[in-house]
Structure formats: structure tokens, C-alpha cells
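The lines below spell out each chain.
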Amino acid sequence: MQVTILHKNVNRCPGIVALPNRLNAIAQRVLSEKRVYLKSDTDARVIRLAPLTQLGLIAGSAILVGWAVVSGALLAYDRIGGSSGEQAAQAQSVYESRLAVLAEERDIRATEARNAQDRFSAALDEVAKYQAELLATQKENQELQAGLEAVQAKLGAAIAERPDTSHAASAETDLALTALNDQLRSTAEARDAAAEAARIARAEAAAAKTEQEQLIARNDELFGQIEDAVSASVVPFQEMFDNIGLDTDALLASIDEGYAGQGGPLTEATVSTSGNAAINESEARAGDIIVSLDQVNRYRIAANKLPLDMPVKSAFRLTSGFGPRWGRMHKGLDMAGPTGTPVLAPGDGVVTFAGRQNGYGNIIKIEHALGTETRYAHLSKIRVKVGQKVSRGAQIGDMGNTGRSTGPHLHYEVRVDGKAVNPMSFIKAAQNVF
């Protein structure tokens, strides 16, 4: 069997040849020389892997694995960033639809409870009327019975005193007794009818009372569901404002000043003195829910007036974060994407600058609530003008490569009272709201 050993014979100068030998000698302290044997039917070959070669292969493999991990992380971040906004919007829409259905069902149950209360009151009135008629009938019957006994006593005394009474007088007495008996019979029948009507009225009143209690219980369950839903909707807003660190009370006060309209014709208020305590309690709970819903709306309006949303919703790469970079302070986030990618307003505000500026290129500045300001630099196109009011989600420009820029991207800044802050603190605080 023929064995061939491969060698690389290259004529080089001694100085250049000595450098790899020294590097091999250093690498050999960590890695020993490896040999790979390749055998066929006719011959066998040996390939030597020097320590320096092994180090090169290990370094290349590490670079390849690192590149794969970074690329995968960026791809996952892009997918998460693109879908989280839509999922949050869908969840918000489903929650608002469910809340509207519960509120409508609560109103229906409240109306049914009031109708049941009205029917119960009417049934009680009927019972009282029938009881009064029954008492009157019983009293009349007693009076007639007493009168009949008195007449019978007088007739008996008269007959006893005059045993020879004529046949005509006896017939007249019989007629009087018959009339009295007929009157007593009709009175007894009227009494029995009134008693039956009172019994039926009491049964209807009990049924109405049971129906009212069931409606009140169902209404109470609906109120509980609505109260839980409202409480759950307030928590994300409270956590968001706490994480931002701004003066939330001042922001809500400004919301109250801007949304304080009242009006409409006024009518005299009527107060029921015979109402049901459970219904009055339900009305009080409904008032509390309305107050809580108003609080949610105030939080939502306040959230719209702050730059809490993402300025780019399309696919992008976060190429530079907030903080020191190359010995200088980088005061924003760099989001790289294709030229023309839509740039959106992250909150309601007023445009204070729209034009070119040194270093920034085409730039837009928007003033928001509580002294917050956002900046959007390196744009290829500006779609707003100074003094224009913009709403959250409105397109204000296109991503570009103007100014001091190495490629198409958006430089996004958030400033509070003129001082640059990390935009991610606003974006992360609102990730459970938008």
C-alpha cells in the first residue's frame, strides 16, 4: 500500500517563514497538532492540522455562530415589534366591544327590574283593594246576620203572642225570611269571590316579588362584571404613567380643563318615596361605574397626548440606542429601514418645526403635553407644516438618508422640558396599552 504525505513547500524569506512558526509554537501550548487520515483502496493520505490552523477554524466558527444568533434576535425583534401593536389594538377592540355588550345588558336588566317593581306595586294595590272589599263584605254580612236574628226573634215573639195569626200574616213572614236568606246568600258569595280574588292577587304579588329578586340578582352580577372590567382597564394606564415618571395629576388637570363642556335643557328632578332599596343601590353602582369609565377615558386622552407609541410600525432594525456612542452622547434611537418607510406621530401634538437643520437633515419637531417634544431626523420627505395639529398614528414623513447619515434610517428623540430622555422608557411603559 502506497502512503503519500502532503507537504506545502513554498520558498519564502526567512523572516516571513519564522512568524508563522512562532505563532504555531504559541498556539501549540493550548492546542496540539492534529492529523487526519484519508484512506482509499490504493493509497492513504495524511493531512496535518497545525495549532494555528485550528485556531483559525475555531475563530471562524465562533464568528459564524455569533452572526447567526444576532441575525435571529434581530429578526425576532422585528416580528415582535410588527405584531405587538396589532395584537394590542385587537385586544383593545375586543375589550371595548365586550364592555359595550355588558353595559347594554345591564341597562336592559335595570329596565326589567323597574317594570317588575311597577308590577309588584300594582299587585300590592290590588291586594289592598280586595282586602278592603272583603272586610266591607264581612262587616255587611255580620250586620245582616244580626238583623236577621233580630227579625226572627221579633217574629217568634209575635207568633207566640198571637197564636191565631191569619194565613196572610204567615205568608208575609215567609216572604221576608226568604228575602233575607237570599240577601245573605249573595253576600256570602260576594265574600267568597273577594277572598279568592285576594288570594290570586297575593300569589301574583309573590311571583312578581320573586321575579324582581331574580332580576336584581342578575343585575348585581352584571354590575360586578362591568366593575371588574373597568378596574382591569384602569390598571395598565396607572402602571404606564408610574413608569414614565411624569406628573400625571397635572396632565389629568389639563385634560379636565380642555374637556369641561356642559349643557342641555334642565328638567325638574322627581324623587320616588316608594322605591325599592335594591334598585336605588343599583343606580348608585351605575353612577360609580360611569365615574370609573370617565377615569378610563381621561387616562386614554392623556395617553394620546404623550409620545407613547412607536414612530415606525413597518419592519425596521434598531441600529443604535440611546446613550454614549463613539465618545459622544447619542440622544435618540436609530431605526433603519427602506427609504420611504412611513414615519408616524406617537402622540397628539402640534408641529413646531419642519425643515432642514445641520446634522439632522430634514427634521420635524412636535410639541406634546407636559413639556414633551419629539424629533424625527434624516427624513426623505416632510408631510406636515409648522402649526399643524397631528394625532397619534398620523403619517408625518418618510424615512430617508438626509443630513449626517450613513444609510436610510430614522433618528427619533424624546425631550422633556428640553432635556433628551431615552425614548424606550416611553415605548416600554405603553406596551400593555397600545
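The next thing to look at is the overall build of the protein chain. When you go through the protein chain residue by residue, the secondary structure sums to six helices and 15 strands. Counting all 434 residues of the protein chain, 31% fall into the buried class. For the protein chain, the share of sequence-separated contacts (at least 6 apart) that also reach a separation of at least 24 residues comes to 70%. Total accessible area on the protein chain is roughly 27,100 Å²; 55% of this is exposed by carbon and sulfur atoms.

Under the defined criterion, the tally for this structure stands at one aromatic pair. Looking at Lys365, its charged tip hangs above the ring of Phe353, at a distance of 5.4 Å from the centre.

Further remarks concern unusual backbone geometry. Residues other than glycine seldom take positive phi values, yet Leu370 does so here, at roughly 55°. Positive phi values are uncommon outside glycine, yet His378 reaches one of about 65°. Here His378 is to be found in strand E11 (residues 372–382).

Tracing the chain through its elements places His330 in strand E6 (residues 328–330). Side-chain polar atoms of His330 contact the backbone oxygen of Gly332, separated by 3.1 Å. In this structure the side chain of His330 is engaged in a polar contact, spanning 3.3 Å, whose partner is the side chain of Asp334. With residues near it in sequence (within four places) discarded, His330 still touches Ser320, Gly321, Phe322, Gly323, Pro324, Arg325 and His411.

Among the nonpolar cores identified, the biggest contains 49 residues, and Met240, Tyr376 and Ile396 are the most heavily contacted of them. Take this core: its biggest share by element is 10 residues, from helix H3 (residues 167–244). Not counting the four nearest positions on each side in its chain, Ile396 is found in contact with Val343, Leu344, Ala345, Ile364, Ile366, Tyr376, Ile382, Arg383, Val384 and Val390.

The next point concerns the pattern of salt bridges. As a working rule, side chains carrying opposite charge can pair if their charged atoms are close by. Taken as a whole and assessed by the stated rule, the structure comprises six salt bridges. What you see here is one network of salt bridges that share partners, running through Asp309, Lys313 and Arg392.

For the protein chain, mean pLDDT is 77; residues scoring 70 or higher make up 78% of the total. pLDDT under 50 marks residues 1–13. Its contacts with residues more than four places away, or in other chains, come to 13 contacts.

Quick look at the environment of His409 now. Among the secondary structure elements, His409 is positioned in strand E14 (residues 409–416). Separated by 31 residues in sequence, His409 and His378 place their C-alpha atoms 6.9 Å apart. Sequence-distant contacts of His409, defined by excluding residues within four places in its chain, comprise Asp334, Met335, Ala336, Gly337, Ala377, His378, Met399 and Gly400. Within the local environment of His409, its side chain forms a polar contact with the backbone oxygen of Gly407, the two atoms lying 2.8 Å apart.

Along the chain, the position of Asn181 falls in helix H3. Between the C-alpha atoms of Asn181 and Gln145, which are 36 residues apart in sequence, the distance is 9.4 Å.

This part takes up the pairing of strand E13 (residues 395–399). With four of its five residues buried, E13 lies for the most part within the structure. Taken together, the three bridges between strand E8 (residues 342–344) and E13 define a ladder with antiparallel strand orientation. Pairing of Pro342 across the sheet is with Asp398, part of E13. When E11 meets E13, the two strands line up antiparallel, connected through three bridges.

Pairing of strand E9 (residues 349–357) with strand E12 (residues 389–390), which is carried by two bridges, proceeds in the antiparallel orientation. The residue of E12 that forms the bridge with Gly349 is Val390. Pairing of E9 with strand E10 (residues 361–367), which is carried by seven bridges, proceeds in the antiparallel orientation. Paired with Ala354 across the two strands is Ile364, which belongs to E10. Between E9 and E10, which pair antiparallel one after the other, the connecting turn spans three residues, and Gly359 there sits at a positive phi close to 80°.

Rules behind the numbers
Each chain carries its own residue numbering, running from 1 in the written order of its sequence. Totals for whole chains, interfaces and linings use every residue, but because this is a predicted model, local features are given only for residues with pLDDT of at least 70 and side-chain atom pairs only at 80 or more, for both listing and counting. To obtain the side-chain values, all non-hydrogen atoms of the structure were used and water was disregarded. Helix and strand labels come from DSSP, where a helix needs a run of H or I of at least four residues and a strand needs a run of E of at least two; each type is numbered from the N terminus. Three labels apply to residues, based on accessible area from a 1.4 Å probe with only protein chains included: buried if under 20% of the type maximum, exposed if over 50%, partly exposed otherwise in between. Note on contacts: a residue pair is in contact if any heavy atoms of the two residues lie within 4.5 Å. In short, Shrake-Rupley with a 1.4 Å probe defines the accessible areas, and a residue's cover is counted only from the protein chains shown. We call Phe, Tyr and Trp rings a pair once their centres come within 6.5 Å, taking the six-membered ring for Trp, and we label the pair stacked below 30 degrees between planes, edge-to-face above 60, and tilted otherwise. Over a ring means this: the NZ of a Lys or the CZ of an Arg is within 6 Å of the ring centre and within 35 degrees of the ring normal. N or O atoms closer than or at 3.5 Å make up a polar contact, with two conditions inside protein: a donor-capable atom paired with an acceptor-capable one, and, for residues adjacent in sequence, both atoms drawn from side chains. As used in this record, nonpolar core signifies buried Ala, Val, Leu, Ile, Met, Phe, Trp, Tyr and Cys residues forming a set joined through side-chain atoms within 4.5 Å. Within this document, salt bridges are pairs made up of a side-chain nitrogen of Lys or Arg and a carboxyl oxygen of Asp or Glu, the two lying within 4 Å of each other. pLDDT measures how confident the predictor is about each residue, on a scale from 0 to 100. A pair of strands is labelled paired if DSSP reports no fewer than 2 bridges between them.

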